[in-house]
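Take a look at the letters that make up each chain.
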Amino acid sequence: MLERKIKIGLVDDHELFRDMFGKVVGMNEDFEIVKLFKDSQQTLHFLVEGGEVDVLIIDWDLGSQNPHIPDVYPQNGLELGFNILRQFNRTKIILISGVNLDKVGLLIRRAFDGGIHGFLLKDCGKDEIHNSIQTVMRGSLYYQGQVMDLMGRHFDMQRESKILDPVNLEKDELQVLQYIAAGKNNELIAKAMGLSISAIETRRTRIRDKLFAENLYHAISLAYKRGILNIYEGDY
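Right, let's walk through the structure included here. Remember, predicted model here, so these are calculated numbers, not experimental data. (Residues numbered from 1 in each chain as written. Predicted model: local features only at pLDDT ≥ 70, side-chain atom pairs only at ≥ 80, totals over all residues. Heavy atoms only, no water.)

### Some words on the pairing of strand β4 (residues 92–97)
So, point 1. By the criterion of burial, β4 is predominantly enclosed, with 6 of the 6 residues buried.
So, point 2. Of the two faces of β4, the one lined by K92, I94 and I96 and the one lined by I93, L95 and S97 are each fully buried.
So, point 3. In the sheet, strand β3 (residues 55–59) pairs with β4 via 5 bridges, with the strands oriented parallel. Within the sheet, the bridge partner assigned to D59 lies in β4 and is I96. (Buried < 20%, exposed > 50% of the residue type's maximum accessible area, 1.4 Å probe, protein only. Helix = DSSP H or I, 4+ residues; strand = E, 2+ residues; numbered from the N terminus. Pairing = 2+ DSSP bridges.)

### Some details on the side chain of T91
So, point 1. Mapped onto the secondary structure, T91 falls in the loop between α3 (77–87) and β4.
So, point 2. According to the relative accessible area criterion, T91 is buried, its value standing at 5%.
So, point 3. One polar contact links the side chain of T91 to the main-chain carbonyl oxygen of V53, over a distance of 3.0 Å.
So, point 4. Among all residues touching T91, those that are not within four sequence positions of it are V53, D54, L56, I84, L85 and H117. (Polar contact = N/O pair within 3.5 Å; in protein donor to acceptor, adjacent residues only side chain to side chain. Contact = heavy atoms within 4.5 Å.)

### Here's the deal with the packing of helix α8 (residues 186–193) against helix α9 (residues 197–211)
So, point 1. Following both chains from N to C, one finds α8 and α9 inclined at 105°, their axes separated by 9 Å at the closest point. Our classification of the angle between α8 and α9 gives roughly perpendicular. Contacts between α8 and α9 involve N186, E187, I189, A190 and M193 from the former and I197, I200, E201 and R204 from the latter.
So, point 2. In terms of residue class, the contact of α8 with α9 is built from 5 nonpolar, 1 polar and 3 charged. (Axes fitted to C-alpha atoms, helices over the stretch in contact; angles between N-to-C directions. Parallel < 35°, antiparallel > 145°, perpendicular 65-115°, else oblique. Nonpolar A, V, L, I, M, F, W, Y, C, P; charged D, E, K, R; others polar.)

These figures capture arrangement, not role.
Structure follows, in structure tokens:
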């Protein structure tokens, strides 16, 4: 059991799914359900007032059928996720979808490129939900297998089109990037490579500069796009 329970929130406009989710996640003694939100307005009010959530799972189709949400609030789950990442960047965001994957291909790419930490399907089992929460809390990304397959097809098409310019990373920079993609922190990377933490931070900065990345997750996304990292590889 963890020293502190992971605080979980769900944003979904279907009451039945909220109730079911609460029961499933509540089975894990390491998790604490903080709140089950029905819309973006309620979610942002909670966070602005100082409410704490470690992992927030958001329905991607949130609010699409609710005309009562004011325009000042995000009108779908993806935009809500981006909004929270900008304002409350300690919160991990996992999107969840009940829609056919072929219809949300571009959504998945936008989520990955924008730094969303995970993506699940609503038909996934409780073990996958639990694993996704624990994975993103460790600093790694968690995109369900079928989602990764679809993303892989999109990345392959981009590589074949040769639209993206090549990026020349030094061997040690590539090694750092591989460790980052596997969810390793600076301390573990430094120990594995026999370097100081400041040396690892320097290489991370070079990687971001060479990829023109805005943040860590953006750098990983761009590395996949350019074929620098293979989306089908396991942990490094």
